[in-house]
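# Chains, contacts and geometry: an overview
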Amino acid sequence: MEEENKKKRAVKKTVEKEENSTPKNNKEQTPKKRSNGAKKKESTKETGKKENPSKVNTSQEKKTTKVAKEEKPKKETPLAEEKTQVKANEEKKEKKIEKKEPEVIEVIVEKPSGFNVLEVVIIMFITLCFGGLLGSALTYAVANKNEIITSIPSELKEFVNTYNNIKEEYYEEVDEKKLLDAGIKGMIGYLGDKYSVYMDQETSEEFNEKVEGEYVGIGSEIRRMTDGTTIISNPFENGPAQKAGLQVGDVILKINGVEIGDKTLQQISSEVKGKAGTSVLITVKRGEEELEVTVIRENVEISSVYHKTYLENEKKIGYIRIDIFAANTTKQFEQALLELEKEEIQALAIDVRNNSGGYLSTVKDIASLFLKKGDNIYQLDTKGNIEIIKDNTNASRTYPVAVIINQASASASEILASAIKESYVGGEVVGVHSYGKGTVQKAYDLSSGVTVKYTIQKWLTPNGNWIHETGVTPTKEVTLDSIYYENPVEENDNQLKEAIKLLGEKE
């Protein structure tokens, strides 16, 4: 018997060893990847009347980092030139667009700030247990410092008591902040939801810059060239870099007197950023001359909207690309739409390819510009309670509208596509199935600088469909031609061409 047990243990160890040696897939992507679209936009784009709309460049010759967006760029390239954004200490490697799924930002319903960790624990507990309405009321109460601890559930009192007991009685010193952080992380981890996360301070800053649409910096793109040099590639008009005298092609040698050496674009980004009103000394080489330029950092607004016009079948077709549904995107979109309508467009294409989401209020406001008062924009499912969100504005349009999507169009992009598809008369959706994210998140900025974000609701299309992990089905399916990956220029962007053609054929 003993010999038999030994054999069994040996077999068990062998199996465990084989299992442990098996490579694991560490990706946390939601729906399975489709091969017929483009990857999430990893770069930011400029806004201008003469720039082409393409968003992704598959070229591996250069890496570009963007400190901010220019409002009036000079380049014309479709879905086109890929630039890594240097506004959030973030460097992203260029990859073939068919190789990468989107980094979804989520649909954010709101983002209050200034809470301490314990207050967020209370708010999270109530919201997750009893729903968003009570959680929102509790958020207001905590923000106004009302006395609420005595009315919280006994389970949360146990949490607070445990925290106090450990803090006071544990035999070694305990970092109170880290202890509370661990409590929040534990709750978030229990949810098993990749959209519910605890973000450290650096990640929070990156996240906030994306969704707020602004940052503090020098207002320029910088680019890493194939020879290893780093250059000023696009100082924005009237931005701090341009006002200080930096020019396109200036080779960056030092930041604040320290050579950049082999620092990454992310590291350089971190060094040129700072508080508004402070200065950074940038040493550059211009031709054979070495110059020291002092730049005063300023708040820089990030452009998330670009527009132009096309002529198709003797009709003027407007085109608007939305890169992200940030806090300032509605204002930019309204301005672009106004300019296009002054040009008397007869139809409109809205491009949300590679747009990973943003604020729920932003996409609601943009959709309301097109739908009629009383039309359904989307629905919210809060623990089985359905709320239909309708257009309550007097603004509307009647000309044909098509939304262009790909499998990296996620969250708020899918809300807009669904609203046009299901609630706008004659609305079209062109491209391939979108990403498929049908949930809504709430985010809290803590006073410590970190952010807690967790899912509170499902969102449904105007007709009540949940597209989670399936995506929005286009009314006209168009797969991006493989030639585009080899040469990403507007002439090869057949998805855009098909959308413009479809609009040109409509009465």
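Remember, it's a predicted structure, so these values are computed and weren't measured experimentally. (Residues numbered from 1 in each chain as written. Predicted model: local features only at pLDDT ≥ 70, side-chain atom pairs only at ≥ 80, totals over all residues. Heavy atoms only, no water.)

## A closer look at the sheet that holds strand β20 (residues 401–405)
What counts, and what does not: Pairing between strands requires that DSSP locate at least two bridges from one strand to the other. Counting from the N terminus, the helices are DSSP H or I runs at least four residues long and the strands are E runs at least two residues long. Contact between two residues is taken to exist if any of their heavy atoms lie within 4.5 Å; hydrogens are not considered. Here an axis means a line fitted to C-alpha atoms, over the contact stretch when the element is a helix, while the angle between two N-to-C directions is reported on a 0 to 180 degree scale.
Within the open sheet, the six strands sit side by side as β14-β15-β16-β20-β21-β24. Their pairing is mixed. Across the chains shown, the open sheet's two edge strands, defined by having one partner strand only, are β14 (305–312) and β24 (476–477). Contacting β14, β15 (315–322) and β16 (347–351), helix α9 (residues 329–342) crosses the sheet at an angle of about 25° to β14. Sitting on the sheet, helix α13 (residues 494–505) is in contact with β14, β15, β16, β20, β21 (428–431) and β24, with an inclination near 140° to β15.

## Re the packing of aromatic side chains
Our working definition: Two rings from Phe, Tyr or Trp (for Trp, the six-membered ring) form a pair when their centres are within 6.5 Å of each other. A pair whose planes differ by under 30 degrees is stacked, one over 60 is edge-to-face, and the rest are tilted. Residue burial is assigned from relative accessible area. The probe radius is 1.4 Å, only protein chains are included, and a residue is buried under 20% of its type maximum, exposed over 50%, and partly exposed in between. Charge over a ring is defined by NZ of Lys or CZ of Arg lying within 6 Å of the ring centre and within 35 degrees of the ring normal.
Enumeration according to the criterion identifies six aromatic pairs in this entry. Judged by centre distance (5.0 Å) and plane angle (55°), the ring pair of Y170 and Y171 falls under tilted. In this structure Y171 comes out as exposed when scored by relative accessible area, which is 67%. Centre to centre, the rings of Y310 and Y319 are 6.0 Å apart; their planes meet at 85°, and the pair counts as edge-to-face. Neither residue differs from the other here; Y310 and Y319 are each classed as buried. Members of the aromatic cluster, connected to one another through ring pairs, are Y306, Y310 and Y319. Just above the ring of Y195 sits the side chain of K437; from NZ or CZ to the centre is 4.7 Å.

## Thoughts on helix α5 (residues 176–191)
Because an α-helix completes one turn every 3.6 residues, residues spaced three or four positions apart along the sequence face the same direction. Inclusion rule: Expected span, for any helix, means 1.5 Å times one less than how many residues it has. Working definition: the arc comes from the directions between the helix axis and the C-beta atoms, pointing outward to the latter. Polar contact is the term for a pair of N or O atoms within 3.5 Å; when the atoms are in protein, one must be able to donate a hydrogen and the other to accept it, and sequence-neighboring residues count only if both atoms are side-chain atoms.
Across its 16 residues, α5 extends 24 Å between first and last C-alpha, which sits within 8% of the 22 Å expected from 1.5 Å per residue. Those residues of α5 lying buried are L180, D181, G183, I184, M187 and I188. Seen end-on, α5 carries its buried residues on one side only, within an arc spanning 155°. Of the residues in α5, the exposed ones pointing more than 90 degrees away from the buried face are K178, G189 and Y190. Here α5 starts with a cap whose side-chain oxygen sits 3.0 Å from the backbone nitrogen of K177, and that cap is D175.

## What about the pattern of salt bridges?
Operational definition: Salt bridge, as used here: a side-chain nitrogen of Lys or Arg that lies within 4 Å of a carboxyl oxygen of Asp or Glu.
Applying the stated criterion to the full structure yields 13 salt bridges. The closest approach of N and O atoms between R321 and D323, which form a salt bridge, is 2.9 Å. Like D323, R321 is buried. R353 serves as the salt-bridge partner of D493, at 2.9 Å between the closest nitrogen and oxygen. In this pair, D493 sits in the loop between α12 (482–486) and α13 while R353 sits in the loop between β16 and β17 (357–359), placing the two residues 140 residues apart along the sequence. Taking relative accessible area as the criterion, R353 reaches 0% and is therefore assigned buried. Counted as one network, the salt bridges with shared partners bring together D351, R353 and D493.

## Quick notes on the nonpolar core
This is how the line gets drawn: Think of a nonpolar core as a cluster: buried Ala, Val, Leu, Ile, Met, Phe, Trp, Tyr and Cys residues, connected wherever their side-chain atoms sit within 4.5 Å.
Core analysis: the biggest nonpolar cluster contains 40 residues, and I320, I322, F333, L348, I350, F370 and L416 have the highest contact counts within it. Setting aside anything within four residues of it in sequence, one finds L416 in contact with I322, F325, I350, V352, V363, I366 and A367. Counting 17 residues, the second-largest nonpolar core is a separate cluster that includes A241, I255, I260 and V293.

## What about the pairing of strand β7 (residues 220–224)?
Most of β7 is tucked away: five of the five residues are buried. In this sheet, strand β8 (residues 230–235) lies alongside β7 in antiparallel orientation, the contact comprising five bridges. Within β8, the residue paired with S220 across the bridge is P235. The antiparallel pairing of β7 with β8 creates a hairpin that spans five residues between the two strands, and G228 there sits at a positive phi of about 95°.

## As for the confidence of the model for the chain
Formally: Summary of the metric used: pLDDT quantifies the predictor's per-residue confidence within the range 0 to 100.
In this model, the chain carries an average pLDDT of 78, and 70% of its residues clear a pLDDT of 70 or more. The model gives residues 6–100 a pLDDT under 50, and that stretch makes 300 contacts with residues more than four places away or in other chains. Of the regions scoring below 50 in pLDDT, residues 129–150 engages in 35 contacts with residues more than four places distant in sequence or in other chains.

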